[in-house]
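Tertiary structure, described
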Amino acid sequence: MTQVTNITPTANDTNAKKDDSNIVITFSENIDKSTVEDNIIVRGSQTGIIKGEFTVSDDKVTFDPTSPFKVGEQITVEVTSGVKSTSGADTTAKIHQFTVETTSGTGNFSQTTQSLGSSDSRDVSLGDVNGDDNLSQTTQSLGSSSSRGVSLGDVNGDDDLDAFVANDGENKVWFNNLPIKVTEITPTANDTNAKKDNSDIVITFSENIDESTATKDNIKVRGSQTGIIKGEFKVSDDKVTFNPTSPFKVGEQITVEVTSGVKSTSGLDTTAKIHQFTVETTSGTGNFSQTTQSFGSSWSRGVSLGDVNGDGHLDAFVANSSDANKVWLNDGSGNFNDSSQSLGSSWSWDVSLGDVNGDGHLDAFVANYRENKVWLNDGSANFSQTTQSLGSSSSRGV
């Protein structure tokens, strides 16, 4: 068996540093790096599981926490038998504790103006129970059992601080069920060179995901030129992969919306997240040649390109100032045909396409000399004006 021969900060140290607070564990043999991350657990009495990075150098494992420890917090390091030496030997399990220094304070207390509750309180325990690094009152009222004492700790191993409450009657344990989080999405946020083809989107969560909740209703993928992007979702443990049915459009901005409807296998909701990236432009010399097409004669002021009829081709919504706005449909070869619609007569100056009502179709927001207007698309490039009149400020752009 491999032994833990030393850990710093030392056991029962009461002045461990809050910052620059690496934990160094020395073993009796060189350690297999692949066995470290899931088998060494670092917890804080106020924080729960502490996140950070492990590095291995021969017989030493160093843990560098992502954030500083909290002052006065007791840190517990649990080394399990899953840590193995390079020769394959298990480690004798070990628990190690130390306390973080209190870096300042005179010992003189001054009362604040806060009055918190009116319930004949008997005990208190401090901890970051929702993972936001803050302590604040919630609207929860928990139990009615003449409680006398409470202590916080991760009693069920889910990385959250739970509560054990001592009562006059039966004692109670309250599990803390934090929402799960999206920890990573690829392509990365604000990437401007995401691949047009072979363009899977991979979403990693903090827990394994219930496959039945990874659906188009709970994870929405939209393109700035396409609207809702169709594809297939696959789940593997904590990862959800979205494989689009068709390649993205070059230069298109992709928005991934993860809603709280995505649930872990333990039933926890997801903290909602919005993520955006842009598809690469794969070719082109920057030299433009004019086509023989001529579109309209209406003092056009703005245009927005997007697939308004769902055929995979970029169409054009043109904002005109001396005539009605027009929609021109693309046959896929860059040849545009008038859709025969005449939309509005408000001295339009600009237009932007986007799915404003969440039905998967690109609608139009038109900036006008007078009131701005919203036109809803039925998915077949048929636009109907809403009753909204937005502003009266001689708008010039949107």
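Residues numbered from 1 in each chain as written. Predicted model: local features only at pLDDT ≥ 70, side-chain atom pairs only at ≥ 80, totals over all residues. Heavy atoms only, no water.

**Focus on the overall build of the protein**
We apply this condition: By definition, any uninterrupted DSSP run of H or I lasting at least four residues is a helix, any uninterrupted run of E lasting at least two residues is a strand, and each is numbered from the N terminus. With a 1.4 Å probe rolled over the protein chains alone, any residue whose accessible area is under 20% of its type maximum counts as buried; one over 50% counts as exposed, and the rest are partly exposed. Contacts are residue-level and defined by heavy atoms, with any inter-residue pair within 4.5 Å sufficient. Each accessible area is a Shrake-Rupley estimate made with a 1.4 Å probe; only the visible protein chains count as cover when residues are assessed.
In terms of helices and strands, the protein carries zero helices and 27 strands. Burial statistics for the protein: of 398 residues in total, 34% are counted as buried. Here the contacts in the protein between residues at least 6 apart in sequence split such that 54% fall between residues at least 24 apart. Looking at the protein as shown, the accessible area adds up to about 22800 Å², and 45% of this sits on carbon and sulfur atoms.

**Re the confidence of the model for the protein**
Keep this limit in mind: Per-residue confidence from the predictor is given as pLDDT, running between 0 and 100.
Chain-level pLDDT for the protein is 83 on average; 84% of the residues reach the 70-or-more range. Strand β11 (residues 172–174) is the least confidently modelled element of the protein, averaging 72 in pLDDT, while strand β2 (residues 23–27) averages 97, the highest of any element. A low-confidence stretch, residues 133–137 stays under pLDDT 50, and its non-local contacts, those more than four residues away or across chains, total six contacts.

**Focus: a nonpolar patch on the surface**
The condition is simple: A patch consists of residues exposed above 30% relative accessible area that lack any salt bridge, with like charges linked at up to 9 Å and nonpolar side chains (Val, Leu, Ile, Met, Phe, Trp, Tyr) linked at up to 5 Å. Salt bridge, as applied in this entry: a Lys or Arg side-chain nitrogen positioned within 4 Å of an Asp or Glu carboxyl oxygen.
Together, F164, V173 and F175 line one region of the surface with nonpolar side chains, adding up to about 300 Å² of accessible area. The residue F164 is located in strand β10 (residues 162–167) in this model. Using a relative accessible area of 43% as the deciding quantity, one classes F164 as partly exposed.

**Quick word on the nonpolar core**
Looking at soluble globular proteins, one finds that nonpolar side chains tend to be buried together. Rule in force here: In these notes, a set of buried Ala, Val, Leu, Ile, Met, Phe, Trp, Tyr and Cys residues joined through side-chain atoms within 4.5 Å is what counts as a nonpolar core.
I201, I203, F205, I219 and I254 are the most contacted members of the largest nonpolar core, which has 23 residues in total. For this core, the secondary-structure elements that each account for two or more residues are β12 (182–186), β13 (201–205), β14 (219–223), β17 (239–244) and β18 (253–258). Here I254 is in contact with I201, V221, R222, G223, I229, F248, H275, Q276, F277 and V279, once residues within four sequence places are set aside. Core analysis: the second largest hydrophobic core is formed by 21 residues, I7, I23, I75 and V83 among them.

**A few points about the pattern of salt bridges**
A full pass over the atoms with the stated rule returns twelve salt bridges. One salt bridge in this structure joins D197 and K196, with 3.8 Å as the shortest N-O distance. Overall, the relative accessible area of 24% leaves K196 in the partly exposed class. D217 is the partner of K216 in a salt bridge, and the nearest nitrogen-oxygen pair spans 3.8 Å. Each of the two residues, K216 as well as D217, counts as exposed. Where salt bridges share partners, they join R222, E257 and D355 into one cluster.

**Observations regarding the sheet that holds β2**
Quick reminder of the rule: For two strands to be treated as a pair, DSSP must find no fewer than two bridges joining them. Note on method: axes are straight lines fitted to C-alpha atoms, helices fitted across the in-contact stretch only, with angles between N-to-C directions ranging 0 to 180 degrees.
Strands sit in the order β1-β2-β6-β5 across an open sheet of four strands; the sheet is antiparallel. Each edge of the sheet is formed by a strand with only one pairing partner; in this case those strands are β1 (4–8) and β5 (52–57). If you compare each strand with its neighbour and ignore which way they point, the axes differ by 15° on average. Sheet topology note: the β1/β2 ladder contains four bridges and is antiparallel. Among the inter-strand pairings, I7 is bridged to a residue of β2, identified as I25.

**A word on the sheet that holds strand β21 (residues 315–320)**
With respect to topology, four strands assemble into an open sheet ordered β20-β21-β22-β23, the strand pairing being antiparallel. Only two strands of the sheet have a single partner each, and these edge strands are β20 (300–306) and β23 (336–338). Taking each pair of neighbouring strands and ignoring which way they run, the sheet shows an average axis angle of 25°. Pairing between strand β22 (residues 326–330) and β23: three bridges, direction antiparallel. Residue W328 lies in a different strand from β23, and its bridge partner there is D338.

**A few points about the environment of A163**
In this structure, A163 sits in strand β10. The spatial distance from the C-alpha of A163 to the C-alpha of F175 is 6.6 Å, given a sequence separation of twelve residues. The contact partners of A163, leaving out residues within four places of it in the chain, are V150, S151, L152, K172, V173 and W174.

**Quick look at the packing of aromatic side chains**
To keep things clear, this is the line we draw: Stacked, tilted and edge-to-face are the three classes applied to pairs of Phe, Tyr and Trp rings, where Trp contributes its six-membered ring and a pair requires centres within 6.5 Å; stacked means planes under 30 degrees apart, edge-to-face means over 60, and tilted covers the rest. Comment: the charge-over-ring label is applied if NZ (Lys) or CZ (Arg) is within 6 Å of the ring centre and within 35 degrees of the ring normal.
This structure, assessed with the given rule, holds five aromatic pairs. Residues F317 and F383 carry aromatic rings whose centres are separated by 5.4 Å and whose planes lie at 80° to one another, so their mutual orientation is edge-to-face. One end of the pair, F317, is in strand β21; the other, F383, is in strand β27 (residues 383–385), and 66 residues separate them in sequence. Here F317 and F383 have matching classes, each one buried. Here R301 stacks its cationic end above the ring of W349, 5.0 Å away from the centre of that ring.

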